[in-house]
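The primary structure of each chain is shown beneath.
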Amino acid sequence: MSKAFTKESDSGDEDDELGGLPPLPAGTRNYMTPQGYQRLRDELLSLIDEERPKVVEIVHWAASNGDRSENGDYLYGKKRLREIDRRIRFLTKRLDIAEVADPSQHFGNDQIFFGATVTYANSKGEERTITIKGIDETDNLQGEVSWIAPIARALLKAREGDEMQLMTPGGLEKIEVLEVRYPAPSPAP
């Protein structure tokens, strides 16, 4: 069978898996910080206004060169165009269901909500600091975790000094909240 008659993917949810991001749990909101929302929106606008038109121009030029079957510029351009369109669909869907939550509203609060930076200690006395963010904006290397991560779910609504149980692959672990911080509100313009 010719490749022209085959689908790239049989799953209809290919957009939700783009970029290695897990799909949102059913019936939940897509919480994001204002900065995370702006970052995704900037990426979407850049793809639509800059990158896609450049690739379309290259594909158009390559198509005008004749035989497309061995035209690397054409073949690569078409593949890149599909990737860009898939990312645009993904970002559009995620931004449409986004609920922006400003963590600075909780500045000075010692209870853990979305956007909190939390320092906690386990039973061995090892301290860790994490920031609870949206699923589309986390960076594990920066100590950011998604609000749906097990550690975040265990910590949400706890206060400084609270102890709780966290189920880990190694078994049940006891953790204690040492500090809760939120970013300071921006001054009004």
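As shown above, the structure is provided for reference.
The rules we used
Residues numbered from 1 in each chain as written. Predicted model: local features only at pLDDT ≥ 70, side-chain atom pairs only at ≥ 80, totals over all residues. Heavy atoms only, no water. Salt bridge = Lys/Arg side-chain N within 4 Å of Asp/Glu carboxyl O. Helix = DSSP H or I, 4+ residues; strand = E, 2+ residues; numbered from the N terminus. Buried < 20%, exposed > 50% of the residue type's maximum accessible area, 1.4 Å probe, protein only.

Draft legend 1. Highlighting the pattern of salt bridges. If you walk through the whole model with that rule in mind, you get 10 salt bridges. A salt bridge links R39 to E137, with the nearest nitrogen and oxygen atoms 3.9 Å apart. With R39 in helix α1 (residues 34-63) and E137 in the loop between β4 (127-133) and β5 (144-146), this pair connects stretches of sequence that are 98 residues apart. The buried category is assigned to E137, whose relative accessible area is 6%. Residues R94 and D136 are paired through a salt bridge, measuring 3.1 Å at the closest nitrogen-oxygen approach. One end of the pair, R94, is in helix α2 (residues 72-96); the other, D136, is in the loop between β4 and β5, and 42 residues separate them in sequence. For D136, a relative accessible area of 13% puts it in the buried group. Through salt bridges with shared partners, one network takes in E51, R80 and E83.

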